[in-house]
Amino acid sequence: MRYVVIMAGGSGKRLWPLSRQGEPKQLLPLFDGQSLLQLAYQRVLQAVGPEQVLVCTGAAYADVVLEQLPGLAPENLLGEPEGRDSLNAVAWPAAVLARRDPDAVVAMVTADQLINPVDTFADALAAGFRLATDIPDVLVTFGVLPTSPHTGYGYLARGADIDGYGTASWVTEFKEKPDQATAQAYLASGGYWWNAGMFVWRARTLLDQLAVLLPQTHTKVLQLAEQPERLAEIYPQLLKTSVDYAVMEPVARGEGSARVAAIALDIDWADVGSFAALRAVLPQDPAGNAVVGPVVVRDSTGNLLVNTDHGSVLAVAGAQDLVVVRTPEATLAATLAASQQIKELAEQVADQVSPELA
């Protein structure tokens, strides 16, 4: 049986104060009244039925997730008592699904990206399922065809093509976010794809790699699947690390019992991880302003202006290349160029004013 797990954890502090504790970015209705999570859910329904969709998210968000996704079965909502990074957001669901269905083939997709066209994504997901079904000892990832020498993404180094599987190729190495010169070299070579951070594998294959690479994590996630009532006790004990660092990179180096393959994603792909990225994907007026909520703007260009305090108005004049966000709890004003500093700014708010406002 094929399953899809949507990874919808994280607090999205780079979009503060839109995204705050209890209101992560993947749940914000910023896209024609829909959230990133709802868009992700609609995408994966092209590959599997609603009963085969699971969501792994923070336990604190469970009620909102079920409200936004009425078709999601409550037993398919996996609520993390605390964030323990991406490894555990894939390992725990793999253990749960392996217990339900020993032959489960699982796609792990993210809830914080915009992807178009959806049909192309669905075709790639189907290809990933086929590859993981036919070759049991493979971990499939997806590589977005790069359109620029982007320094904000990780990269996949492509090896030999896998005959009979379209754009699939073996992955020889994972590369961290490069500097500008290195990114330009990657783009010019044609041998590197952006790392999309999405995967397909047999649940058992992933668990087998954990048994080799991180046996303690392997033991604990199996315990979680067998004894879900111990979640609050066991989950905080899990090693906090990323799936790339813990599994994908060492397996690509030959340190596991599987191999890593990648399938090309020839799509428009936006990781909405900053206000600059958010402005780029929202509709803009003729002056390049992206506006959400009750906003009045005059003689201003290239701004992101958001007001979620609907009992007020945000009025802006003579501004250029700014992000201005007003919420009932906080107001942010910054240059778009400084949008990568917002996470640290939110941490300052927590330290200097109140954690509840961060």
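Quick summary incoming for the structure in this document. Values in this document were obtained by computation on a predicted structure and should not be read as measured data.

1. Thoughts on the overall build of the protein chain
And step 1. From N to C terminus, the protein chain includes 11 helices and 17 strands.
And step 2. The C-alpha radius of gyration computed for the protein chain amounts to 21 Å, which stays within 12% of the reference 21 Å derived for 358 residues, consistent with globular compactness.
And step 3. In terms of its C-alpha atoms, the protein chain occupies a principal-axis envelope of roughly 60 × 50 × 35 Å.
And step 4. Residues classed as buried in the protein chain amount to 52% of the 358 residues present.
And step 5. Long-range pairs, those at least 24 residues apart, make up 66% of the contacts in the protein chain with a sequence separation of at least 6.

2. Some thoughts on the packing of helix α6 (residues 203-213) against helix α7 (residues 215-226)
And step 1. At their nearest, the axes of α6 and α7 sit 5 Å apart, and the two run at 135° to each other. Here α6 lies oblique to α7, going by the angle between them. Contact with α6, carried on its side by Leu207, Leu210, Ala211, Val212 and Leu213, involves Pro215, Thr217, His218, Val221 and Leu222 of α7 and no other residues of that element.
And step 2. Residue composition of the contact of α6 with α7, by class: 8 nonpolar, 2 polar and no charged.

3. Describing the pattern of salt bridges
And step 1. Evaluation of the coordinates by the stated rule reveals 10 salt bridges.
And step 2. A salt bridge links arginine 253 to glutamate 255, with the nearest nitrogen and oxygen atoms 2.9 Å apart.
And step 3. The class for arginine 253 is exposed, based on a relative accessible area of 52%.
And step 4. Among the residues examined, glutamate 255 registers a relative accessible area of 42% and is labelled partly exposed.
And step 5. In the salt-bridge network here, residues are joined through shared partners; they are Arg20, Glu23 and Glu329.

4. Points about the packing of aromatic side chains
And step 1. Throughout the structure, instances matching the rule amount to 7 aromatic pairs.
And step 2. Here a set of aromatic residues connected by ring pairs shows up, and it is made of Tyr153, Trp194 and Trp269.
And step 3. The ring of phenylalanine 121 has arginine 43 sitting right over it, with the charged end atom 5.8 Å from the ring centre.
And step 4. Positioned above the aromatic ring of tryptophan 170, the side-chain terminus of arginine 259 is 3.8 Å from the ring centre.

5. With respect to the sheet that holds strand β12 (residues 290-292)
And step 1. As summarised here, the arrangement of the 4 strands in space is β12-β14-β16-β17, forming an open sheet in which the pairing is mixed. Looking at strand neighbours, the two that pair on one side only are β12 and β17 (331-335), the edges of this open sheet. Taking the axes of each pair of neighbouring strands and ignoring which way they run, one obtains an average angle of 0° across the sheet.
And step 2. Pairing of strand β16 (residues 322-326) with β17, which is carried by 5 bridges, proceeds in the antiparallel orientation. Counted as the bridge partner of arginine 326 is threonine 331 from β17.

6. With respect to the side chain of asparagine 88
And step 1. As for its position among the elements, asparagine 88 is in helix α3 (residues 85-100).
And step 2. Judged by relative accessible area, asparagine 88 falls into the buried class, the value being 0%.
And step 3. Here arginine 84 takes part through its backbone oxygen, which lies 2.7 Å from a polar atom of the side chain of asparagine 88.
And step 4. If near-sequence neighbours (up to four positions away) are discounted, asparagine 88 is found in contact with Pro93, Thr217, Tyr235, Leu238, Leu239 and Lys240.

7. Some points on unusual backbone geometry
The bulk of non-glycine residues show a negative phi, and the bulk of peptide bonds are trans.
And step 1. The omega torsion across tryptophan 16 and proline 17 is 5°, close enough to zero to call that bond cis.
And step 2. Tracing the chain through its elements places proline 17 in the loop between β1 (2-8) and α1 (36-44).
And step 3. Of the consecutive residues asparagine 116 and proline 117, the connecting peptide bond is found in the cis state with omega at -5°.
And step 4. Within the secondary structure, proline 117 is located in the loop between β5 (113-116) and α4 (118-134).
And step 5. The backbone phi angle of aspartate 32 is positive, close to 55°, even though this residue is not glycine.

8. Quick word on the pairing of strand β8 (residues 169-175)
And step 1. Two elements, strand β7 (residues 155-161) and β8, share 5 bridges in a ladder whose sense is antiparallel. Across the sheet, residue tyrosine 155 finds its bridge partner in β8, namely lysine 175.
And step 2. Across 2 bridges, the pairing between β8 and strand β10 (residues 259-265) is antiparallel. From the neighbouring strand, tryptophan 170 faces β10, where its bridge partner is alanine 261.

9. Observations regarding the packing of α3 against α6
And step 1. Where α3 contacts α6, the two axes come as close as 9 Å, and the packing angle between them is 125°. If you check the angle between α3 and α6, you find them oblique. Considering how the two elements wind past one another, α3 and α6 form a crossing that is left-handed. Across from Leu87, Val90, Ala91, Ala94, Ala95 and Ala98 in α3, the residues of α6 making contact are Ala203, Arg204, Leu206, Leu207 and Leu210.

10. Some thoughts on the pairing of β1
Taken residue by residue, a regular strand's side chains alternate between the two faces of the sheet.
And step 1. The buried count for β1 comes to 6 of 7 residues, which makes it a mostly enclosed element.
And step 2. Across 6 bridges, β1 lies against strand β4 (residues 105-110) in parallel orientation. Following the sheet pairing, arginine 2 is matched in β4 by valine 105.
And step 3. Relative to strand β2 (residues 53-58), β1 runs parallel, the two being bridged by 5 bridges.

Procedures and definitions
Residues numbered from 1 in each chain as written. Predicted model: local features only at pLDDT ≥ 70, side-chain atom pairs only at ≥ 80, totals over all residues. Heavy atoms only, no water. Helix = DSSP H or I, 4+ residues; strand = E, 2+ residues; numbered from the N terminus. Rg over C-alpha atoms; globule rule 2.2 N^0.38 Å. Buried < 20%, exposed > 50% of the residue type's maximum accessible area, 1.4 Å probe, protein only. Contact = heavy atoms within 4.5 Å. Axes fitted to C-alpha atoms, helices over the stretch in contact; angles between N-to-C directions. Parallel < 35°, antiparallel > 145°, perpendicular 65-115°, else oblique. Nonpolar A, V, L, I, M, F, W, Y, C, P; charged D, E, K, R; others polar. Salt bridge = Lys/Arg side-chain N within 4 Å of Asp/Glu carboxyl O. Phe/Tyr/Trp six-rings, centres within 6.5 Å; stacked < 30°, edge-to-face > 60°. Lys NZ or Arg CZ within 6 Å of the ring centre and 35° of its normal. Pairing = 2+ DSSP bridges. Polar contact = N/O pair within 3.5 Å; in protein donor to acceptor, adjacent residues only side chain to side chain. Left-handed = near helix turned anticlockwise from the far one by under 90°.

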